[in-house]
Amino acid sequence: PNVGFLTLTLLDEAARGASDERLASLARPVMTWRNFFSFHLKHAKSYLHSRLRRRIDYWSGQLARSKRPPKKSKAGGEDRTPRSTIGMEFSPQPRMLSPGLG
């Protein structure tokens, strides 16, 4: 999979000579970034999966509706008329090899 890195940098000028309160306010966004990112990543995955499930349900319904209903048999017997009653049956003659071949 594609892997990316994110680097957060605090410049030395921002931290040099800063009070403890200022250092805490500089570090707070860095410390909460992971929670923020994982929250949004989890919800984005959940949203995409729900869309995927909805689309699969839609296509499953389309597929179920596109199937032909089963044929109902007649009360008198078979569905098909035997070929012999329709007309001449096809029975191919065996092939004869030419004397020059083989």
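The structure this text deals with has already been given above.
Q: Looking at this structure, I do not really get the overall build of the protein. What am I missing?
A: The secondary structure content of the protein amounts to three helices and zero strands. Reading the protein from its N terminus to its C terminus gives the helix and strand order α-α-α. With 102 residues in all, the protein has 2% of them scored as buried. Accessible surface, the protein: about 10,800 Å² in total, of which carbon and sulfur atoms supply 59%.

Q: Whenever I open this one, a nonpolar patch on the surface confuses me. Can you help?
A: Taken together, the side chains of Leu-6, Leu-8, Leu-10, Val-30, Trp-33, Phe-36, Phe-37 and Leu-41 define a hydrophobic patch exposed on the protein surface, amounting to about 770 Å² of accessible area. Counting through the fold element by element, Leu-6 comes out in the segment before helix H1 (12-15). Judged by its relative accessible area of 56%, Leu-6 falls in the exposed class.

Q: Please explain helix H2 (residues 20-66) as it appears in this structure.
A: In an α-helix, one turn spans 3.6 residues; hence positions three or four apart end up facing the same way. Between its terminal C-alpha atoms H2 stretches 69 Å, which fits the 69 Å expected from 47 residues at 1.5 Å a residue. Most pronounced at Trp-33, the bend in H2 amounts to some 35°.

Q: It is not clear to me how the packing of aromatic side chains should be interpreted in this structure. Could you clarify?
A: The geometry of an aromatic ring pair is captured by the separation of the ring centres together with the interplanar angle, meaning the angle of the planes. A complete count under the given rule lists three aromatic pairs for this structure. Aromatic ring contacts, followed pair by pair, group Trp-33, Phe-36 and Phe-37 into a single cluster.

Rules used throughout
Residues numbered from 1 in each chain as written. Predicted model: local features only at pLDDT ≥ 70, side-chain atom pairs only at ≥ 80, totals over all residues. Heavy atoms only, no water. Helix = DSSP H or I, 4+ residues; strand = E, 2+ residues; numbered from the N terminus. Buried < 20%, exposed > 50% of the residue type's maximum accessible area, 1.4 Å probe, protein only. Areas by Shrake-Rupley, 256 points an atom, 1.4 Å probe, with all protein chains shown as cover. Patch = residues over 30% accessible without salt bridge, like charges linked within 9 Å, V, L, I, M, F, W, Y side chains within 5 Å. Salt bridge = Lys/Arg side-chain N within 4 Å of Asp/Glu carboxyl O. Expected span 1.5 Å × (residues − 1). Bend = angle between axes of the 7 residues up to and from the residue. Phe/Tyr/Trp six-rings, centres within 6.5 Å; stacked < 30°, edge-to-face > 60°.

That is the geometry; function is a separate question.
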